[in-house]
There are 2 protein chains.
Amino acid sequence: MTASRALNDSGYVSESVRKRVSQAAEKLRYRPNIPARQLKVRRLNAVGILLPDIANPFSAELVGGMKDVFDAEGYTTFIATANRTVKEENASLQAFIDHRVDGLVVATRGTMMGDKVLHSVAQQRIPLVTIGRPVHFRGIDSVTANHYQGAFDAVTHLIKLGHKRIGFIGIAPEDGKLLRRYQGYLAALKAAGSEPRPEYTVGPAEGPAYATQEDGYRGLLQLARLHRPPTAIFARNDFAAIGAMHAAHTLGLSIPDDIAIAGFDNIPLAAFTAPPLTTVEQPIAQQGQAAARFLIERMQGKSQQDRTAMMECRLIVRQSTDRTLSADQTLPVR
Amino acid sequence: MTASRALNDSGYVSESVRKRVSQAAEKLRYRPNIPARQLKVRRLNAVGILLPDIANPFSAELVGGMKDVFDAEGYTTFIATANRTVKEENASLQAFIDHRVDGLVVATRGTMMGDKVLHSVAQQRIPLVTIGRPVHFRGIDSVTANHYQGAFDAVTHLIKLGHKRIGFIGIAPEDGKLLRRYQGYLAALKAAGSEPRPEYTVGPAEGPAYATQEDGYRGLLQLARLHRPPTAIFARNDFAAIGAMHAAHTLGLSIPDDIAIAGFDNIPLAAFTAPPLTTVEQPIAQQGQAAARFLIERMQGKSQQDRTAMMECRLIVRQSTDRTLSADQTLPVR
DNA sequence: CAACATTAAGATAGCGATAACATGACGGCG
DNA sequence: CGCCGTCATGTTATCGCTATCTTAATGTTG
């Protein structure tokens, strides 16, 4: 008991004993048994982060933002991935809960099934914050970027450049209802007085999955085959945009003269494509930090109410839509 | 006790009791307290994976390979990142150990300091496998790709195409001693009878960090300023290669006619650059699987001896070095 | 049918930590 | 001096789980 007090700086311990204890601990290479401590105190000082997948630069920066905050507050962060299947998502979530983490951040894409699970987690009174999927259940905070507004801005930018026929690559039209980026695209067209044409929306057949380079590549080839093909493309993300750029090159189309292309996410590579890619940047690290702060306040019981934070996106114009820019203007600033 | 037996299928339990127990467990939403179990049985059935960072497609596939194996064997995997600082690496490692994981996979880049820590972990008899850094301490298994051979093959490919002046982008010459990709580059030049020229090696100033697009961009600009610039570039990784391609475009150089560029890693994007990038592929998922199997055998006490697995890399030739290929040949197969 | 094996369930203890309580030394104060 | 508060340390119990031991009913066999 005295040793416990000495090592944890709690209660009364004389200076001499404290010194002897810490020397002995050093010599024996003593490390506290965290599972045993959690058994008694019901706290692990650890949080779980559930990511959709790991390849994503998005995930990396998100984790960075969260770690900044969690590290500073003395929480250990453990990460698990749900490689895009709900089953794996459940398993990882359950593993965190079984290991008794103090709180959870969930950054996987929203699905009906997934939401159900989150609901039941929240009912177990486990502090929970979501990122990128606005969930409106009691007991869950959420942080998200305004994808709708970002997409709206990007498409409006294309319209202002004079484009009338604008395609969307990255989702099948029937799956787009829930995708805020797609809604922003539709809204921008309508706001400009033009009616969206269903054949201008192309995407992977297997449902609302993440869009890849390959989807972008195939998507553009498909659009180019139309009788009156689009003169501009708004892609669901930069990967799809880059795939589309590649397809345009293959077809001998010049970017942006024959076809303008814009993406979403501003991945690091986006500034280094040929030509550099116009895209929408979302404040990723800030979302991570906000989520971490929400979670900490919940875990410490400082916040009971459910909160939602939505952050603005920023359009970054580069030469894939606007040829008049010089290269230097579009490189990221150090 | 009977409930424990019923839920764990161990010892004698009558069918009727087993049924009653599992129904009660269901109704009460009972979940075993894993930390408490570990306290008693000294096993957590969980492993820790330490990654250098998360943005990397490499990390993603590695984790995929490991999860395949660990999931099948009933181990939970937790991930932590060491965003390229040794301090963070130590902290994450220690966190895993303090939480009493059964074993560790470490995939961070090798450093002197880092190796020391691994050594001390191995001395605590914690099963440990490294990926991508051959460590030769007692008690540690390691898995790696043959980066040396991959680089050798890529540079030899450039030489066979007739290139005499071949640059390396991605590391400062003085830091290259330990980088196997750089050694392979040097060896290939020597094997072809040409002496490496130090001014043809350029890289980030801040030591042996990971090379980025930006490093590639700056690197090529620097090489292009030389009196007799290289006609071919071998980049430390695909990110640097893509940055170099962008710089070549900016300078109005044609790829591969004015300058041939090859990378390393075969990131998914590599097939979709303009032109598609020649690169070296390493068997990532297999490395992950091998590491997981090594670790499992150690954790189960089936293997005492120290083992090392080295896997071959494969050169993938695309149009960034060889114009005669058609586009279709170089796209990845589904 | 006695002796022993098999099956089933309960009782006890202990993993490592700490909360809560208990004990004792010491000094200040009225 | 006796009382109390402060400081320092020790004792006990407990978190949830399971290894081990105990008990008891039932089955099997020569």
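Residues numbered from 1 in each chain as written. Chains lettered and ligands numbered in written order. Predicted model: local features only at pLDDT ≥ 70, side-chain atom pairs only at ≥ 80, totals over all residues.

Draft legend 1. Up close: the environment of B:His246. Of note, B:His246 is situated in helix 10 (residues 238–250). On the neighbour-count criterion, B:His246 (25 C-beta atoms within 10 Å) is buried. Taking the C-alpha atoms as reference points, B:His246 and B:Arg218, 28 residues apart in sequence, are found 10.0 Å from one another. The residues touching B:His246, leaving out its near neighbours within four places in the chain, are A:Phe272, A:Ala274 and B:Tyr217. (Helix = DSSP H or I, 4+ residues; strand = E, 2+ residues; numbered from the N terminus. Buried ≥ 20, exposed ≤ 12 C-beta atoms within 10 Å, placed from the backbone. Contact = placed C-beta atoms within 7 Å.)

Draft legend 2. Seen up close, the interface of chain B and chain A. Counting residues at the interface gives 39 residues for chain B and 39 residues for chain A. Elements with a minimum of two residues in the side of chain B that touches chain A: helix 3 (34–41), helix 4 (57–72), strand 2 (76–81), helix 5 (86–98), helix 9 (213–224) and helix 10 of chain B.

Draft legend 3. Local environment of the relation of the copies chain B and chain A. The two copies are related by a screw operation: chain B maps onto chain A through 180° of rotation and 0.0 Å of translation along the axis, at an RMSD of 0.1 Å. Given the turn and translation reported, the copies of this chain are related as if by a two-fold rotation axis. An overlap of 100% is found between the interface residues of chain B and their copies at the interface of chain A, pointing to a shared contact surface. (Least-squares fit on C-alpha atoms with pLDDT ≥ 70 in both.)

Draft legend 4. Quick look at the protein's contact with DNA strand C. Taken together, 18 residues surround DNA strand C, and among them A:Ser4, A:Asn33, B:Met1, B:Thr2 and B:Ser14 come closest. Broken down by secondary-structure element, the contributors of at least two residues to the surface near DNA strand C are helix 1 (2–8) and helix 3 (34–41) of chain A together with helix 3 of chain B. Among the elements that line the surface near DNA strand C, the one with the most residues is helix 3 of chain A, at five residues. Its residues assigned to classes, the surface near DNA strand C shows 10 nonpolar, five polar and three charged. (Near = placed C-beta within 6 Å. Nonpolar A, V, L, I, M, F, W, Y, C, P; charged D, E, K, R; others polar.)

Draft legend 5. Quick peek at the pairing of strand 2 of chain B. Burial analysis of strand 2 of chain B places six of its six residues in the buried class, the great majority of the element. Here strand 2 of chain B shows no split at all, with B:Thr76, B:Phe78 and B:Ala80 on one side and B:Thr77, B:Ile79 and B:Thr81 on the other all buried.

Draft legend 6. View of the protein's contact with DNA strand D. In the neighbourhood of DNA strand D, 21 residues make up the surrounding shell, with A:Met1, A:Tyr12, B:Ser4, B:Asn33 and B:Ala36 lying closest. Contributing elements (two or more residues each) for the surface near DNA strand D: helix 1 and helix 3 of chain A together with helix 1 (2–8) and helix 3 of chain B. The element contributing the most residues to the surface near DNA strand D is helix 3 of chain B, with five residues. Looking at side-chain class alone, the surface near DNA strand D contains 10 nonpolar, seven polar and four charged residues.

Draft legend 7. Representation of the nonpolar core within the structure. In this structure, A:Phe234, A:Ala244, A:Ile261, B:Phe234, B:Ala244 and B:Ile261 are the most contacted members of the largest nonpolar core, which totals 98 residues. Apart from residues no more than four positions distant in its own chain, B:Phe234 is found in contact with B:Ala151, B:Ala154, B:Val155, B:Leu158, B:Ile166, B:Phe168, B:Tyr185 and B:Ala262. Listed in part, the 87 residues of the second largest apolar core include A:Ala60, A:Leu93, A:Ile140 and B:Ile54. (Core = buried A, V, L, I, M, F, W, Y, C linked by C-beta atoms within 7 Å.)

Draft legend 8. Here's a closer look at the sheet that holds strand 7 (residues 201–202) of chain A. All names here are of chain A. Taken in spatial order, the four strands of this open sheet run 7-6-8-9, and their pairing is parallel. Two strands lie at the open edges of the sheet, namely strand 7 and strand 9 (260–262), each paired on one side alone. Relative to strand 8 (residues 232–235), strand 6 (residues 166–169) runs parallel, the two sharing four bridges. Counted as the bridge partner of Phe168 is Phe234 from strand 8. Contacting strand 6, strand 8 and strand 9, helix 7 (residues 147–160) runs over the sheet at an angle of about 170° to strand 8. (Pairing = 2+ DSSP bridges. Axes fitted to C-alpha atoms, helices over the stretch in contact; angles between N-to-C directions.)

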